[in-house]
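Overview (structure and organization)
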Amino acid sequence: GAVVSQHPSWVICKSGTSVKIECRSLDFQATTMFWYRQFPKQSLMLMATSNEGSKATYEQGVEKDKFLINHASLTLSTLTVTSAHPEDSSFYICSARVAGGTYNEQFFGPGTRLTVL
Amino acid sequence: AQSVTQLDSQVPVFEEAPVELRCNYSSSVSVYLFWYVQYPNQGLQLLLKYLSGSTLVKGINGFEAEFNKSQTSFHLRKPSVHISDTAEYFCAVSRNSGNTPLVFGKGTRLSVIA
C-alpha cells in the first residue's frame, strides 16, 4: 500500500524556537496533504489542508502565522511550528491523498511527537 | 457539515469474545465512511471503508462493519477479539465528492482482557 513518512518522529525543543516537521509520500504523488493535531486520549483535529503549489487552507481557530505549511512538491509537505510554546506540545499527524483518486482515500503518516519545554 | 459520534469512549472485553464499537454520523449529503485503528504513539491504519454498494464491509484483521443509512450508523464488529486488538479505534466520515478532509469521531479505546 501507499506509504507516508514523517520526520522527525519525535522532537523536544525550547520555548521560543521553531520546529519543522516533514511529511512525505514515498511511493505515490499527493496533490493534497492534511495536517492533524491530536492531544492525549483525544481525536484528530484537522489543522489545515495543503494543496501542492498553492496556499494552505486553515481550519477556524488555527493560527496560520504560527503553523506555516508549505507543499512545494507532489511528495512533500512541511509544517513549521514557529515560536513554539508548551501549549503547542502535541502529536502531529499528516495524511496524503492520492492524486487522481476516485475517492477520498488518505494515507496517514506515523506522527510526530512535539514536546516544548 | 459532517459529524461523527462514537458512543463509547472505552470498551473492555475478554479475549475471544465478540465486540461491537458503535459509530453514528450526521450529514446532509452522501458520505464515505471509514474505520481506523491507532496503536500507541503511531499513526492511523485503515481497517475498512464504505464507499458504495454492499452495506456489509469486510476489513483487515477480521473486522467488519455495516452501513445503515436509515439509522445513520456504521458500527464495527469482530466475532472474536485478540489481545493484539487492544488499541484506539476511530470512525471517520467524508463527503463523497471533492477534495474533502475526514471528520473523525472522538475514538473508542478497546481493551482486550486475557
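Above this text is the structure in question.
Structural notes, computed from the coordinates. Keep in mind the model is a prediction, meaning the values are calculated, not measured. (Residues numbered from 1 in each chain as written. Chains lettered and ligands numbered in written order. Predicted model: local features only at pLDDT ≥ 70, side-chain atom pairs only at ≥ 80, totals over all residues. Heavy atoms only, no water.)

Each helix and strand in chain B was counted, giving zero helices and 12 strands. Counting helices and strands in the order they occur from the N terminus, chain B gives β-β-β-β-β-β-β-β-β-β-β-β. Against the 2.2 N^0.38 benchmark of 13 Å for 114 residues, chain B shows a C-alpha radius of gyration of 14 Å, consistent with a compact globule. Across the 114 residues that make up chain B, the buried fraction comes to 45%. A separation threshold of at least 6 residues defines the contact pool for chain B, and within that pool the share at least 24 residues apart is 56%. (Helix = DSSP H or I, 4+ residues; strand = E, 2+ residues; numbered from the N terminus. Rg over C-alpha atoms; globule rule 2.2 N^0.38 Å. Buried < 20%, exposed > 50% of the residue type's maximum accessible area, 1.4 Å probe, protein only. Contact = heavy atoms within 4.5 Å.)

This part takes up the side chain of Asp85(B). Residue and element names in this part refer to chain B. As for its position among the elements, Asp85 is in the loop between β9 (73–78) and β10 (87–95). Looking at Asp85, its side chain comes within polar contact range of the side chain of Lys78, at 2.8 Å. Among all residues touching Asp85, those that are not within four sequence positions of it are Phe63, Lys78, Leu110 and Val112. (Polar contact = N/O pair within 3.5 Å; in protein donor to acceptor, adjacent residues only side chain to side chain.)

Now for the interface of chain A and chain B. Interfaces are frequently sized by the accessible area removed from exposure as the parts join. Facing 21 residues of chain A, the contacting portion of chain B comprises 21 residues. Here chain A and chain B share zero salt bridges between them. Here chain A is connected to chain B by three residue pairs in polar contact (both at pLDDT 80 or more). Looking at the side of chain A that touches chain B, the elements with two or more residues in it are β4 (30–38), β5 (44–51), β9 (90–98) and β10 (106–108) of chain A. Of the residues forming the side of chain A that touches chain B, the biggest block, four residues, is contributed by β4(A). (Salt bridge = Lys/Arg side-chain N within 4 Å of Asp/Glu carboxyl O.)

Moving on: the state of the cysteines. Under the defined criterion, the tally for this structure stands at two disulfides over all chains. Through a disulfide, Cys23(A) is tied to Cys94(A); the S-S separation comes to 2.0 Å. With the S-S dihedral at roughly 80 degrees, the linkage between Cys23(A) and Cys94(A) falls on the right-handed side. Placement of Cys23(A) in strand β3 (residues 19–25) and of Cys94(A) in strand β9 is noted, with a sequence separation of 71 residues between them. Covalent S-S linkage joins Cys23(B) and Cys91(B), the inter-sulfur distance amounting to 2.0 Å. Of note, the bridge from Cys23(B) to Cys91(B) carries an S-S torsion of about -65 degrees and is left-handed in sense. Residue Cys23(B) is located in the loop between β3 (19–21) and β4 (24–26), and its partner Cys91(B) is located in strand β10; the two are separated by 68 residues in the primary sequence. The same class applies to Cys23(B) and to Cys91(B), which are both buried. The cysteine Cys13(A) is free of any disulfide, with Cys94(A) supplying the nearest cysteine sulfur at 18 Å. (Disulfide = S-S within 2.5 Å.)

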